[in-house]
Amino acid sequence: MDIDEHSYNYEQLDKLLYRFLSSRKKYKNTAPNDSLIIYDNKQLYFEKGEFIILASRPSIGKTALALNWVYDFAAKQNKPVGFITSGIPDSESLILRLITLESKISPAKLRTGLLNENDTELIANATTKLCNLPIFLSDIPNAKFEDIETIATEMLNKEKIEILFIDGFEYLYEIAVSKSFCNNAQWAEQMAPYYDEIYFMMENLKTLANKLQIPIILLVPIKQDTFCDEPTIKSFEDKLIIPRTADKVIFLHRDRVKDADKWQTAKLIVAKNEHGTGGDMLIRFCCRTGEIIYDDKDAK
């Protein structure tokens, strides 16, 4: 065999540098013009084709935070938003949370139905407004990746969604590991059963974001730390392929409080950002309604 035809597994640094500088996006201190910006906050933006991980420990409020973003895009910016849950159907819970965000009436009060006349009026006004918002929900039970891809593509083509949220990572992951995740299951059987399935799932979601050219935000739970320290990339433990695959990793961190009526300081931690800088951002979290605000002076 001619030596020129041999395929080497290494390259000289100058070639790698040229490839890196030629293809790499320049780091930016401000959001690009076509990105989606949350609450007019130039530090928190999502670019087309990005695959974003939003993670927190259990019951800290990542779904509440995601719904705040959904509401902001749809109600305040008139941008169509898709939200897919994999696993147990959850549309009723999501609707309840959205009514809470708009009416400021707690989910517990909505569930019990113990409402006064003023509450009834607030709910009526809230539902009227929500009916006109471009928010599209899907909660097909035990959704596989092909289901998510089909739904997301349909939402894009028919409803022109500009961003997609995916919740229910635990169920999606269980399906992946059970080998019923995709048509390539026979191929997956020949691979290491744990690492390769989650790698395959992350790569497919990242490819989907790039294919649809919209940001896709995947909500991922991480285990509770014994000392309740701030989460880091290491908090993914044996699933480090998740942050490695993502373009952006954002953690929500706060302490649990017993008084649900209080506003609490919380923190958004941008631990990874392939297209910009990382850093922390203080927010205020209302434990009663799940409302998020970005200016402390507005909290009551």
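The following paragraphs examine the structure supplied in this document. (Residues numbered from 1 in each chain as written. Predicted model: local features only at pLDDT ≥ 70, side-chain atom pairs only at ≥ 80, totals over all residues. Heavy atoms only, no water.)

### Looking at the pattern of salt bridges
Evaluated as defined, the whole model comprises 11 salt bridges. Across the pair K267 and D280 runs a salt bridge, and its minimum N-O distance is 3.7 Å. Of the two residues, K267 sits in strand β9 (residues 263-273) while D280 sits in strand β10 (residues 279-286), which places them 13 residues apart along the sequence. For K267, a relative accessible area of 18% gives the class buried. Taking the relative accessible area as the measure of exposure, D280 reaches 43% and is therefore partly exposed. If you follow the salt bridges from partner to partner, you end up with E230, K267 and D280 in one network. (Salt bridge = Lys/Arg side-chain N within 4 Å of Asp/Glu carboxyl O. Helix = DSSP H or I, 4+ residues; strand = E, 2+ residues; numbered from the N terminus. Buried < 20%, exposed > 50% of the residue type's maximum accessible area, 1.4 Å probe, protein only.)

### What about the side chain of E102?
Within the element layout of this structure, E102 appears in helix α3 (residues 91-103). For E102, the residues in contact, after removing those within four places along its chain, are Y71, A126 and K129. (Contact = heavy atoms within 4.5 Å.)

### Observations concerning a nonpolar patch on the surface
There is a patch of nonpolar side chains on the surface, built from L13, L16 and L17 and spanning about 270 Å² of accessible area. Relative to the helices and strands, L13 is located in helix α1 (residues 13-23). Residue L13 is classed as exposed on the basis of its relative accessible area, which comes to 56%. (Patch = residues over 30% accessible without salt bridge, like charges linked within 9 Å, V, L, I, M, F, W, Y side chains within 5 Å. Areas by Shrake-Rupley, 256 points an atom, 1.4 Å probe, with all protein chains shown as cover.)

### Looking at the packing of aromatic side chains
Evaluation of the coordinates by the stated rule reveals three aromatic pairs. Note on F236 and F251: the rings are 5.7 Å apart at their centroids and 40 degrees apart in plane angle, and the pair reads as tilted. In this pair, F236 is assigned in the loop between β7 (216-221) and α10 (241-245) and F251 in strand β8 (residues 248-253), connecting sequence segments 15 residues apart. We note K248 situated over the ring of Y45; from NZ or CZ to the ring centre the distance is 4.6 Å. (Phe/Tyr/Trp six-rings, centres within 6.5 Å; stacked < 30°, edge-to-face > 60°. Lys NZ or Arg CZ within 6 Å of the ring centre and 35° of its normal.)

### Considerations on the packing of α3 against helix α5 (residues 117-131)
One way to put it is that α3 packs onto α5 with a least axis distance of 9 Å and a crossing angle of 110 degrees. Judged by the inter-axis angle, α3 sits roughly perpendicular to α5. In terms of crossing hand, the pair formed by α3 and α5 is right-handed. Contacts between α3 and α5 involve L98, I99, E102 and S103 from the first element and L122, I123, A126, T127, K129 and L130 from the second. Here the contact of α3 with α5 is built from residues that sort into six nonpolar, two polar and two charged. (Axes fitted to C-alpha atoms, helices over the stretch in contact; angles between N-to-C directions. Parallel < 35°, antiparallel > 145°, perpendicular 65-115°, else oblique. Left-handed = near helix turned anticlockwise from the far one by under 90°. Nonpolar A, V, L, I, M, F, W, Y, C, P; charged D, E, K, R; others polar.)

### Some details on the packing of helix α2 (residues 62-76) against α3
The interhelical angle for the contact between α2 and α3, taken along N-to-C directions, is 65 degrees, at an axis separation of 10 Å. Crossing of α2 against α3: the hand is right-handed. Note on element contacts: α3 touches α2 through L94, R97, L98, L101 and E102, opposite T63, A64, L67, N68 and Y71. Across the contact of α2 with α3, the residue classes tally to six nonpolar, two polar and two charged.

### Looking at the nonpolar core
Of all hydrophobic cores here, the largest spans 43 residues; its most connected members are W69, F165, L268 and Y294. Top contributing element to this core by residue count: α2, with nine residues. Core analysis: the second largest hydrophobic core is formed by 35 residues, M202, F236, I241 and V249 among them. (Core = buried A, V, L, I, M, F, W, Y, C linked by side-chain atoms within 4.5 Å.)

### Quick notes on the sheet that holds strand β6 (residues 163-167)
The sheet built from nine strands is open, its strands ordered β5-β4-β6-β7-β3-β8-β9-β10-β11 with mixed pairing. Bordering the open sheet on either side are β5 (135-138) and β11 (292-293), each of which pairs with just one other strand. (Pairing = 2+ DSSP bridges.)

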